[in-house]
Amino acid sequence: MAAILNRLQSFLQRARARLNHWLRPPYRTVIARDSLPKKLKRKTIYVVEDDGFEEQAAMLCPCGCRRVLHMNLLPDERPCWRLTRHRDGTASLHPSVWRKKDCSSHFWFRHGRVEWCRQIDT
Ligand SMILES: [Zn+2]
């Protein structure tokens, strides 16, 4: 009986975490012409465009460390991310974003939401 209750409890915890993930508002997508604003806002992904080309995406690290993450979108430079803008105004990045130093945040950014792979600094 205890085993069944434990499994039920763990199922409910996972279901609640999933629901909270989708109930939170997604990141806003902001197009920045030519350059990034000096101060970036939380829960916002900036897409820097120059001459109609998407050059980079930038956001504050979602772990809260306040570092600015820059993701190159130009295909002839490495590393390179692909940005997809969705009809609902959200964006996705491919592949995942992984900081190899400092906070070591590792996450996917899909439909304006952060899906953690790994986060040491919590
Ligand atoms: Zn961080």
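Residues numbered from 1 in each chain as written. Predicted model: local features only at pLDDT ≥ 70, side-chain atom pairs only at ≥ 80, totals over all residues. Heavy atoms only, no water.

1. Some thoughts on the coordination of the zinc ion
And step 1. Only Cys61 (SG), Cys63 (SG), Cys65 (SG) and Cys103 (SG) from the protein coordinate the zinc ion, and they sit 2.2 to 2.3 Å from it.
And step 2. Because the angles between the four donor atoms bound to the zinc ion fall within 103 to 114 degrees, the donor set is best described as tetrahedral.
And step 3. Sequence spacing of the donor residues for the zinc ion, all on one chain, is C-x1-C-x1-C-x37-C. Of this pair, Cys63 sits in the loop between strand 3 (53-60) and strand 4 (68-72) while Cys103 sits in the loop between strand 6 (91-98) and strand 7 (106-110), and the two are 40 residues apart along the sequence. Of the two residues, Cys63 and Cys103, both sit in the buried class. (Donors = N, O, S within 2.8 Å, 3.2 Å for Na, K, Ca; no water. Tetrahedral: all angles 85-135°; square planar, octahedral: opposite > 155°, others 65-115°. Helix = DSSP H or I, 4+ residues; strand = E, 2+ residues; numbered from the N terminus. Buried < 20%, exposed > 50% of the residue type's maximum accessible area, 1.4 Å probe, protein only.)

2. Concerning the pairing of strand 6
And step 1. Inspection of the sheet shows strand 5 (residues 82-85) paired to strand 6 by four bridges, in the antiparallel sense. The residue of strand 6 that forms the bridge with Arg82 is His94.
And step 2. When strand 6 meets strand 7, the two strands line up antiparallel, connected through three bridges. Within the sheet, the bridge partner assigned to Leu93 lies in strand 7 and is Phe109. (Pairing = 2+ DSSP bridges.)

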